[in-house]
Amino acid sequence: SAGKFRLHGGYAYSKPEDPVARKTSAYDVGVVWGLPSANANLTLDYVARDQRGTDNDSRFVRLGGEYFLSKRTSFIANVVSLTNKGNASQKFFGQGAQGKGQRVLSVGLRHAF
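Residues numbered from 1 in each chain as written. Predicted model: local features only at pLDDT ≥ 70, side-chain atom pairs only at ≥ 80, totals over all residues. Heavy atoms only, no water.

A look at the overall build of the chain
Now for step 1: Scanning the chain from terminus to terminus reveals zero helices and six strands.
Now for step 2: Across the chain, helices and strands are ordered from the amino to the carboxyl terminus as β-β-β-β-β-β.
Now for step 3: Relative to the compact-globule value of 13 Å for 113 residues, the chain shows a C-alpha radius of gyration of 17 Å, a clear excess of over 25%.
Now for step 4: Once the C-alpha set of the chain is aligned to its principal axes, its extents read approximately 55 × 25 × 25 Å.
Now for step 5: Burial status across the chain gives 25% buried among its 113 residues.
Now for step 6: Counting only carbon and sulfur atoms, one obtains 57% of the accessible surface of the chain, whose full area is about 7,900 Å².
Now for step 7: Taken as two groups, the 16 positive and 8 negative side-chain charges of the chain have centres that lie 7 Å from each other. (Helix = DSSP H or I, 4+ residues; strand = E, 2+ residues; numbered from the N terminus. Rg over C-alpha atoms; globule rule 2.2 N^0.38 Å. Buried < 20%, exposed > 50% of the residue type's maximum accessible area, 1.4 Å probe, protein only. Areas by Shrake-Rupley, 256 points an atom, 1.4 Å probe, with all protein chains shown as cover. Lys, Arg positive; Asp, Glu negative; His and termini not counted. Charge placed at Lys NZ, Arg CZ, Asp CG, Glu CD.)

Below you can see the structure in the form of structure tokens.
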């Protein structure tokens, strides 16, 4: 069996009351691929943020994996590539820098109580 696929997506729009602040929209799309024979899930996400009327945009791609050790415990790993354009300074950790991206690797153990 090829496993099960689950698609997900979202959209957000912000119109600040402050006339100097920019309108911003963000969207995300992704897929989760359940691999029952491997007792695992793979996830691929794309998230983009657009600050209207500027080049100060950011986006990231994330590849995630989850291996189920038991019914309530799993090992997780994520690889993320974040890109900032213009003066955008989004970050996952530390200090965000204008126009600079980040590459992130995270691993962990999850247990549901």
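Read on for the rest.
Thoughts on the pairing of strand β2 (residues 24-35)
Two faces belong to every sheet, and in a regular strand the side chains alternate between them.
Now for step 1: Here strand β1 (residues 4-14) pairs with β2 via 11 bridges, running antiparallel. Counted as the bridge partner of F5 is W33 from β2.
Now for step 2: One ladder, built from 12 bridges, connects β2 with strand β3 (residues 40-51); its direction is antiparallel. The residue of β3 that forms the bridge with V32 is T43. (Pairing = 2+ DSSP bridges.)

As for the packing of aromatic side chains
Now for step 1: In this structure the tally under the stated criterion is three aromatic pairs.
Now for step 2: Ring centres of F5 and W33 lie 5.6 Å apart, and the angle between their planes is 5°; on these two criteria the pair is classed as stacked. Of the two residues, F5 sits in strand β1 while W33 sits in strand β2, which places them 28 residues apart along the sequence.
Now for step 3: A ring pair is formed by Y27 and Y46, whose centres lie 6.3 Å apart and whose planes are at 50°; its orientation type is tilted. Of the two residues, Y27 is situated in strand β2 and Y46 in strand β3; the sequence distance between them amounts to 19 residues. (Phe/Tyr/Trp six-rings, centres within 6.5 Å; stacked < 30°, edge-to-face > 60°.)

Side note on the sheet that holds β3
Now for step 1: The antiparallel open sheet is built from six strands, whose spatial order is β1-β2-β3-β4-β5-β6. Every other strand in the sheet has two partners, leaving β1 and β6 (102-111) as the edge strands with one partner each. Averaged over all pairs of adjacent strands, the angle between their axes in this sheet comes to 15°, without regard to strand direction.
Now for step 2: Where strand β5 (residues 73-84) meets β6, 10 bridges bridge the pair, whose relative direction is antiparallel. Residue S74 lies in a different strand from β6, and its bridge partner there is R110. (Axes fitted to C-alpha atoms, helices over the stretch in contact; angles between N-to-C directions.)

A look at the pattern of salt bridges
Now for step 1: Counting across every chain of the model gives three salt bridges.
Now for step 2: When the shortest N-O distance is used, the salt bridge between R62 and D45 registers 2.5 Å. A residue pair is termed long-range when its members are at least 10 positions apart, and R62 in strand β4 (residues 58-68) and D45 in strand β3 qualify at 17 residues.
Now for step 3: Under the relative-accessibility criterion, D45 is labelled buried at 8%. (Salt bridge = Lys/Arg side-chain N within 4 Å of Asp/Glu carboxyl O.)

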